[in-house]
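# Coordinates in review
Chain residues, written in single-letter form:
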Amino acid sequence: MSSRDELLKAVAENQPMNFPLPEIEFLDSECIYLAETFINVLTSIGGAVVLIENLMEIETYILEKFKKSDRIVTTIPAIKWMAELIPATSIPPHALSNVDFAIIDTHCAVAENGAVWVTEKGIVNRALPFICQHLAVVVNARDIVSNMHSAYNLIGTDDYGYGTFISGPSKTADIEQSLVLGAHGPRSMTIFLIM
Amino acid sequence: MIAPDKDHAALANEFNKDEQRVDWHDETLWWVRQKRDNAVKKLPEWEELREAGSQIKNNVLGNLNYYLQQFETNAKANGVHVHWALDAKEHNEIVLDLLLSKGINKIVKSKSMLTEECNLNDYLLDNGVNVIDSDLGEFIVQLANEHPSHIVLPCIHKKKEEIGELFHQHLGTPSGNSDPIFLTETARQHLRETFLARKAALTGVNFAVAETGEFVVCTNEGNADMGAHLADIHIASMGIEKIIPERKHLGVFLRLLTRSATGQPITTYSSHFKKPRSGASIHIIIVDNGRSKQLGREDFRNSLKCIRCGACMNTCPVYRRSGGHSYHSAIAGPIGSILAPNLDMEKHADLPFASTLCGSCTNVCPVKIDIHDQLYKWRQVIVKNGHAPLAKNAALSVMTKILSSPVLYKVAGKLGRLTMKWVPLVVNNRFNPWYKQRELPEVPKNSFGEWYKKNRNHESKDK
């Protein structure tokens, strides 16, 4: 018998009686102050929020924070004149190792934990939101949902290859529980929030 | 793995020699526990959430055979390779075969307690494969040639000065620099080179969704993603109990996991791997290693509901004061003490006794595992199987005789009081652990029985 069949047989012999799945819809809660909660939570975990009215304002931020020699990339065609557009055709992830600032897009953000949901579609290259030194995500205030249950309702049966919730800059507290931002991923995370 | 010739009490004794460190360890973990409390108090529906998590896991245990096959079918349809391993040995061999078949002899790992349980690092090293653990805490214990002492905070037993010294020896940082920001930056630079160079990455699995065939890996550092997205081959090791039925159930578990672990609302990254990226491959290894046996133990199967948050460790008065290494097992603390005896009852016979049975672990468990009840039940199984220490057996048989005879009980009580009053050295000596770090109160003149006999008339007058 193969290990697979032997394992499955042992499980079948030892598993207890069926127990029905619970209803979890009751956990959906309405939150009126979505944007406010989102901002409060994200800033409390080391993220930054910049309120904007249109995408043009991102350029001001770039000019203020970055040098001309910095490599600034984006996956949003609408702002390709202010940053290098990552092509949809696959490029090796290693080619992104010198990216200083990446600006990506999302269609879902979560108020309760300050997370944004991004899939391969929005980031083009899976490595991009991790390998860049600084990360920014454009969020439309109307795309903020209250909690993770609402987020998964929205995600539904989407057939992505890869997707991730990102909540703040990468961080660690492994040395004596001292919080340090910028572990292996981005050192900062900025949300451009379109109100 | 760690000093297997010593039991929990002896190893805890060693940890306790450095009183300042024990105090620091104790207070730091309690602080993490308090952060957990603050986070869960913000959610009015917390108890409903725990109940939902517990019930979903009950459903998983009752249908595990079906869900495992459903997961396999869907993962394969997504282009992911699925392997099955009955035990640690088979798991390790599969990893090695995968690497050798691609001519790879270097691998970067993110946190996986399963590979600790399987002793994968040593196995790969013995077979000429270089392994680098990329989680900062695990990287540090790897440099120190140790094992993690906590499933979420791997090097919580180390002081920053010791970490600074390790970095000085291995990475050439200036001697005496133990600033966490500086050390983290050093590890970041060092490991970035590793991520860019390694062709194979191994990660653990937090949740595997039967309905979609995807699996989720949670990190704060981003190391699992850095490894997986830059490697040609991504190996993900999971125990059979990591399965959850549907994608929407992630909503429940991702809300429970990190709030329980560190008090964060969610980990920085909760990455869903469904299909390999073009030109790369994903291999999942589904491991039993004693889990199906635990599934068949009615009293202990609930331990398989564990989502590895570590809340039971942070709250445990014994863990906080004895340190993770005193449990001489891959997973320490209360949950580790009910998982380990399943794998080897004799070797881990001491662990269910490393608890006060106060029940705090059960109260904080996000999936409502009856941890302290299981510890109590393991004690009975262990004693029945003859694995209790000889001294404990002898003491218990004397106690049984005394407690079952009223005459003997009275005589023994009197003798005890007289001894403690007139010749305290007979009991207050270094051989009696009850006197370790504590003084007993002054001996009463008489027993309660004697007091009651003398005073019962007064009581009737009061009425």
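Below: a short report on this structure. (Residues numbered from 1 in each chain as written. Chains lettered and ligands numbered in written order. Predicted model: local features only at pLDDT ≥ 70, side-chain atom pairs only at ≥ 80, totals over all residues. Heavy atoms only, no water.)

### Considering the pattern of salt bridges
Spelled out, the test is: In the sections that follow, a salt bridge refers to a side-chain nitrogen of Lys or Arg positioned within 4 Å of a carboxyl oxygen of Asp or Glu. Runs of H or I in DSSP of at least four residues are treated as helices and runs of E of at least two as strands, each being numbered from the N terminus. Partly exposed describes any residue whose relative accessible area lies between the buried limit of under 20% and the exposed limit of over 50%, with all areas from a 1.4 Å probe on protein chains only and scaled to the type maximum.
If you walk through the whole model with that rule in mind, you get 34 salt bridges over all chains. Two residues, K76 of chain B and E72 of chain B, come together in a salt bridge whose shortest N-O distance is 3.5 Å. Residue K76 of chain B and its partner E72 of chain B are located together in helix α4 (residues 64–77), separated by four residues, close to a single helical turn. E72 of chain B sits in the buried class, given a relative accessible area of 5%. Where E241 of chain B meets R308 of chain B, a salt bridge forms, and the shortest distance between an N and an O atom there is 3.6 Å. You can see E241 of chain B sitting in the loop between β7 (233–239) and β8 (243–244) and its partner R308 of chain B sitting in the loop between α13 (291–296) and α14 (311–315), a full 67 residues away along the chain. Among the charged side chains, a salt-bridge network with shared partners connects R4 and D5 of chain A together with E72 and K76 of chain B.

### Topic: the sheet that holds strand β12 (residues 188–194) of chain A
Backbone-to-backbone hydrogen bonds pair the strands of a sheet. The strands run either parallel or antiparallel. Residue and element names in this part refer to chain A. Rules: Whether two strands pair comes down to DSSP finding at least two bridges between them. Whether two residues touch is decided by their heavy atoms; if any such pair falls within 4.5 Å, the residues are in contact. A fitted line through C-alpha atoms serves as each axis, taken over the contacting stretch for helices, and the angle formed by two N-to-C directions is quoted from 0 to 180°.
Strand order in the open sheet formed by six strands is β1-β12-β7-β4-β2-β3, and the pairing between neighbours is parallel. In the strand order of this sheet, the two ends are held by β1 (48–52) and β3 (84–85), each with one partner. Along the sheet, helix α2 (residues 34–44) contacts β1 and β12; its crossing angle with β1, the most-contacted strand, is approximately 145°.

### Digging into unusual backbone geometry
Residue and element names in this part refer to chain B. Unusually for a residue other than glycine, N289 sits at a positive phi of about 45°. Secondary-structure assignment places N289 in the loop between β10 (281–287) and α13. Overall, the relative accessible area of 13% leaves N289 in the buried class. The backbone of H328 sits at a positive phi, close to 35°, despite the residue not being glycine.

### A closer look at the nonpolar core
Under the convention used in this document: In this text, buried Ala, Val, Leu, Ile, Met, Phe, Trp, Tyr and Cys residues form a nonpolar core when linked through side-chain atoms within 4.5 Å.
One finds V116 of chain A together with L68, F167 and I243 of chain B to be the most contacted residues of the largest nonpolar core, which totals 79 residues. In contact with I243 of chain B, other than residues within four places in its own chain, are K57, V60, L64, Y67, L68, F71, A208, A210 and M238 of chain B. One finds M113, V209, I338 and C365 of chain B within the second-largest nonpolar core, a separate group that totals 69 residues.

### Considerations on the packing of helix α2 (residues 19–41) of chain B against helix α12 (residues 249–261) of chain B
Residues and elements named next belong to chain B. As a reminder, the rule being used: Comment on the angle field: the value is read as roughly parallel under 35 degrees, roughly antiparallel over 145, roughly perpendicular from 65 to 115, and oblique elsewhere.
Look at α2 against α12: their axes get within 7 Å of each other, and the N-to-C directions meet at 140°. The angle between the axes of α2 and α12 places the two elements in the oblique class. On α12, the residues touching V32, R36, A39 and V40 of α2 are R259, S260 and A261.

### Considering the interface of chain B and chain A
To keep it simple, the criterion reads: Accessible-area loss on putting two parts together, using a 1.4 Å probe and summing over both, is the definition of buried area adopted here. As used in this structure description, the phrase polar contact means that two N or O atoms lie within 3.5 Å; if the pair is within protein, one of them must be able to donate a hydrogen and the other to accept it, and residues adjacent in sequence are counted only when both atoms belong to side chains.
In this assembly, 98 residues from chain B lie in contact with 72 residues from chain A. Carbon and sulfur atoms make up 59% of the surface buried where chain B meets chain A, a total of about 6900 Å² over both sides. When the buried surface of chain B facing chain A is broken down by residue, R188, R247 and Y269 of chain B rank first, second and third, together holding 10% of it. At the boundary of chain B with chain A, the tally comes to seven salt bridges. Two residues, R4 of chain A and E72 of chain B, come together in a salt bridge whose shortest N-O distance is 2.8 Å. Inspection of the chain B/chain A interface yields 45 residue pairs in polar contact (both at pLDDT 80 or more). By residue number, the principal contributor to the side of chain B that touches chain A is helix α10 (residues 180–197) of chain B, which donates 12 residues.

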